[in-house]
Amino acid sequence: MNVLSLRNVTVEYREWRGFKLSRLRALDHVSFSLEKGERVAVIGESGAGKTTLIKTILGLLRPVEGKVLVLGTDIYKLPKKKRHIVTVKIGYVPQSPGKALNPKLKVKTTLLEALEKSKVSEEEALKRVEEAIRLVNLDPSVLEMYPDQLSGGMQQRILIARSLVNNPELILLDEPTSALDVSTQAQIINLLNIIHEKLKPALLLVTHDLPVAQYLADRVIVLYRGRIVEENTIDELIRNPQHSYTRLLIESYL
Amino acid sequence: MVLAVEVENLSVGYVDEGEEALWAVRGVNLKVLEGSIHCIVGESGCGKSTLGKAIVGILPPHAVIKGVIKIFGEKVVDGDKTLYHKSRGKLVTFIPQNPAKALNPYLRIGDQFYYVMKSLRNYDKRRALEEAGKLLKLVGLPDTSYLDKYPHEFSGGMQQRIAIAMALANGAKIVVADEPTSFLDAHLRLQILKLLDELSEKLELTVIMITHDILMASKICDHLSVMYAGLVVEDGKCKEILKNPLHPYTKMLLKVVPVLGTRKKLESYVGEPPRLDEYPKGCPFYPRCPDRLEKCLNEKPPIFRVNGRLVSCWLYGGEYERT
Amino acid sequence: MKEEFTDLQRMFKRAWRRVSFRIGTINSIIVFLMAILGPFIAPYPKEGWGIASPETVERGVQPPSLKHPLGTDLLGRDILSRILVGAGYALLQTAIVILVSPAIGFLVGVVAAYYRGFVEKVLNYFTEIFISFPAIIIALALNTIIGRGLTVIILSLVITWWSWYARITYVRAREVREMDYVVLAEISGVPGWKIILRHIIPNSTTPVLVQAITDIGSVLLEASSINFLGLGFPAGFPDWGVMVHEGLLYIYSYPWVSLIPGFFILVSALGFSLVGDSLREELDPRLRRRWRLWF
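Presented here is a report on the structure given in the accompanying data block. Note that the coordinates shown come from a computational prediction; the quantities given were computed from them, not determined experimentally.

Concerning the interface of chain B and chain A
Thought 1: Across the contact, 28 residues belong to chain B and 32 residues belong to chain A.
Thought 2: Here chain B is connected to chain A by 0 salt bridges.
Thought 3: At the junction of chain B and chain A, the tally comes to 13 residue pairs in polar contact (both at pLDDT 80 or more).
Thought 4: Among the secondary structure elements, those contributing two or more residues to the side of chain B that touches chain A are helix 6 (186-202) and helix 9 (248-256) of chain B.
Thought 5: At 4 residues, helix 6 of chain B tops the list of elements feeding residues into the side of chain B that touches chain A.

Looking at a nonpolar patch on the surface
Residue and element names in this part refer to chain C.
Thought 1: Together, I29, F32, L33, I36, L37, F40 and I41 make up a nonpolar patch on the protein surface, roughly 740 Å² of accessible area in all.
Thought 2: Along the chain, F32 turns up in helix 2 (residues 19-41).
Thought 3: Judged by relative accessible area, which is 48%, F32 ranks as partly exposed.

Here we look at the packing of helix 9 (residues 180-187) of chain C against helix 10 (residues 192-228) of chain C
A packed helix pair is summarised by two numbers, namely the angle formed by the two axes and the spacing between the axes.
Residues and elements named next belong to chain C.
Thought 1: Contact geometry for helix 9 and helix 10: axes closest at 11 Å, N-to-C directions at 175 degrees. By the angle between their axes, helix 9 is roughly antiparallel relative to helix 10. Counting all contacts with helix 9, which are made through Y181, V182, A185 and E186, the residues of helix 10 involved are I195, H199, I200 and N203.
Thought 2: Across the contact of helix 9 with helix 10, the residue classes tally to 5 nonpolar, 2 polar and 1 charged.

Examining the interface of chain A and chain C
Note on interface size: it is often stated as the accessible area lost on association of the parts.
Thought 1: The partner chain C presents 19 residues to the 22 residues of chain A that form the contact.
Thought 2: Overall, the association of chain A and chain C removes approximately 2,000 Å² of surface from exposure, summing both partners, and the carbon and sulfur fraction of that is 56%.
Thought 3: Along the contact surface separating chain A from chain C lie 3 salt bridges.
Thought 4: Between chain A and chain C we count 12 residue pairs in polar contact (both at pLDDT 80 or more) in total.
Thought 5: Those elements that place two or more of their residues in the side of chain A that touches chain C are helix 2 (84-87), helix 3 (97-100) and helix 6 (152-164) of chain A.
Thought 6: Here the side of chain A that touches chain C is built from residues that sort into 12 nonpolar, 4 polar and 6 charged.

Let's talk about unusual backbone geometry
Thought 1: Positive phi, close to 65 degrees, is recorded for N137 of chain A, a residue that is not glycine.
Thought 2: On the secondary structure map, N137 of chain A appears in the loop between helix 5 (122-135) and helix 6.
Thought 3: With a phi close to 50 degrees, F72 of chain B is a non-glycine residue in the positive phi region.

Topic: the pattern of salt bridges
Residues and elements named next belong to chain A.
Thought 1: Scanning all chains against the criterion turns up 37 salt bridges over all chains.
Thought 2: Measuring nitrogen to oxygen at the nearest pair gives 3.2 Å for the salt bridge that ties E12 to R25. With E12 in strand 1 (residues 4-17) and R25 in strand 2 (residues 20-34), the pair connects residues that are 13 residues apart, well separated along the chain.
Thought 3: Relative accessible area serves as the criterion here: at 14%, E12 is assigned to the buried category.
Thought 4: What makes R25 partly exposed here is its relative accessible area of 38%.
Thought 5: Because the salt bridges share partners, they merge into one network encompassing E12, R23, R25, D28 and R227.

Describing the pairing of strand 6 (residues 90-93) of chain A
Consecutive side chains along a regular strand alternate between the two faces of the sheet.
All names here are of chain A.
Thought 1: Going residue by residue along strand 6, you find I90 and Y92 tucked away on one face and G91 and V93 tucked away on the opposite face as well.
Thought 2: Across 4 bridges, strand 6 lies against strand 7 (residues 170-174) in parallel orientation. Bridging across to strand 7, V93 finds its partner in L173.

Rules behind the numbers
- Residues numbered from 1 in each chain as written.
- Chains lettered and ligands numbered in written order.
- Predicted model: local features only at pLDDT ≥ 70, side-chain atom pairs only at ≥ 80, totals over all residues.
- Heavy atoms only, no water.
- Contact = heavy atoms within 4.5 Å.
- Salt bridge = Lys/Arg side-chain N within 4 Å of Asp/Glu carboxyl O.
- Polar contact = N/O pair within 3.5 Å; in protein donor to acceptor, adjacent residues only side chain to side chain.
- Helix = DSSP H or I, 4+ residues; strand = E, 2+ residues; numbered from the N terminus.
- Patch = residues over 30% accessible without salt bridge, like charges linked within 9 Å, V, L, I, M, F, W, Y side chains within 5 Å.
- Areas by Shrake-Rupley, 256 points an atom, 1.4 Å probe, with all protein chains shown as cover.
- Buried < 20%, exposed > 50% of the residue type's maximum accessible area, 1.4 Å probe, protein only.
- Axes fitted to C-alpha atoms, helices over the stretch in contact; angles between N-to-C directions.
- Parallel < 35°, antiparallel > 145°, perpendicular 65-115°, else oblique.
- Nonpolar A, V, L, I, M, F, W, Y, C, P; charged D, E, K, R; others polar.
- Buried area = accessible area lost by both parts, 1.4 Å probe.
- Pairing = 2+ DSSP bridges.

Encoded structure:
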């Protein structure tokens, strides 16, 4: 069974301008799937539809056409209030820690929030949180701190830790290293690979950074203006790009 | 060979009303040759943006400055006095990081050029628009109808080109570009870099490019200065540094950057660049340096000259010493 | 919540360096003390409360003297005593409005920002409508329905001011709502009301807080205007605005009767404004400046 499967997904944004309804197609008949343990990257630049894709997968944006199947369940067949039962198995790691960590909450509270709807006891929850923190190479003392007491790299690790707390089958990462320095970026890339080796979740990475995707994915899907223009293994894609946009992208990094 | 910009023992800090100054640049020396493309490379917090702004003369009001900056031999910063009126806009110009912020959203492009040229060169409207048209053509936007449009009507890449044209509108010969491509999509970056390279040749400009991306810098740079924690740790010809980095930090930068097409192992270095208020004694790279010596902990290394390159590292003490 | 406290303390310490803030704070403290102690230290307490007696009528209106440092009004009542008692009423009106309006506005703003769609549209319409209401006209209208008094003043001011805070909150709450930590909470199944309590509210309070403090002076002025026009408290009441109203006809002959309470209104409002302005400067550009250090 596929961990994630998008079938012919089309997402539109609608805006009323006076009496006319303007439709913007953010995703156009997008189809792809991920198997257990696979590492896939969706490469797209600004305007390609990355944010839309993420929101759609998380159950926050209903497509006008197509299906989104998470662990076999069509999540948009479920009412909004029940969707979290399925989406809780997705570990979401958002982009910039500055906007992803509530500055008024301690790290511990933020991490425990991910377990709120699960039926675990308080002690079990705390244990899982501590385990997650250790998995990302942070000392548990960090749990009592507030986000602004920590560096960018540490904040990003906390976000990763939060995604691990529910033993996810799929980890969805939105530009995990774009806000970081190169040296921190390398740390995070290596960390993610170690986590993947240990826990074997499926990884879906959404990014514009092709070199980084190289290290975190085996398969690559190129998104341009809401459409998939190319899909291949990472090595083949770099060696033998088919679409002109892919070629343009690769050239700019060589 | 003429030195376009000379920086001597420059320190720049920011003051928070009555509190101690936090120093972003801590005693930097720099020599930029006329007509060259000189890149200043470093991670966030190293002071490169501050240094760039100090050279142009656009530091914020709560900044304090010490040291000497000379533009074409003329002092524009002397001790704690600033004489930027001599150079700002006339000899040195600036391309900011975010092109959207460089352009006034309420004015048409043509008008913006006009105001800029009127104030510094006293052009009348007709002449200004003519010049503007020529500049836009130089940056790859030959359509004169663009002069009537507003900034928001253009894409990010075009906005950056317009910003570059605007920076050149005053005829300044030194251009400081602060991360000119970081807000652009990857496939546009190369284009902008090539543009800067072309312009530098055509118009005989001196370009000082500030960036965190050492690979990008390597594409058009002649000369490279690597900064860490407010200091220049290595300085020399770009190609040579890339082939043979001397300072442990430069080595780290090159080892840690992912390169497309290779699967080299990405080495993880521990730690992060020090914050402005946590500046350590001695060499700032000490906590993370794999080749550190005992004396690096407490003694800040001076600048050594090694085969035409400048390195601030105790590993090279023994060759010439220089302050 | 502990974080908020130390933030405010730090702000206070920094703001204290500014002269305007020191003046404003001392001024406000004096007004505060006057409000609490006034009725007890007034030399002629009964007169302070507006009670005229045959004695006072005989005394008549008198300019400032040793016996009556601020003079007496048209019914012979000691102005100093009236001022001291009036301080309490000045603060009372202001305090109620400044506490109630932001509370209402804040809630409306937060709810509108979180529950998008219909609720948002309706609340926004209401907010926009009420923003344009002038307090004095409302006071006039209320006069015809419920007569005069404290209720009129409070109602007309709250009706006009809440929407201002609603808009300020809405803008910020909208930003907060788009933050990834809200998204994370949503996909973890946290129910809407909890998200509002845990994420939206704590991160949206700053703009309203700052604005409320800055508005204290203006509210005092508006409340005084309502009283000055005779729409609020009745004549004789210990209120500075009313006092100005009483002396208006004789302002050329006995200027002190109107000018003295007017002076107190002005200086108090100014003091509060100085405090608010300094605190606001601490909160806004301060944050902006800090971030520049890392670039």
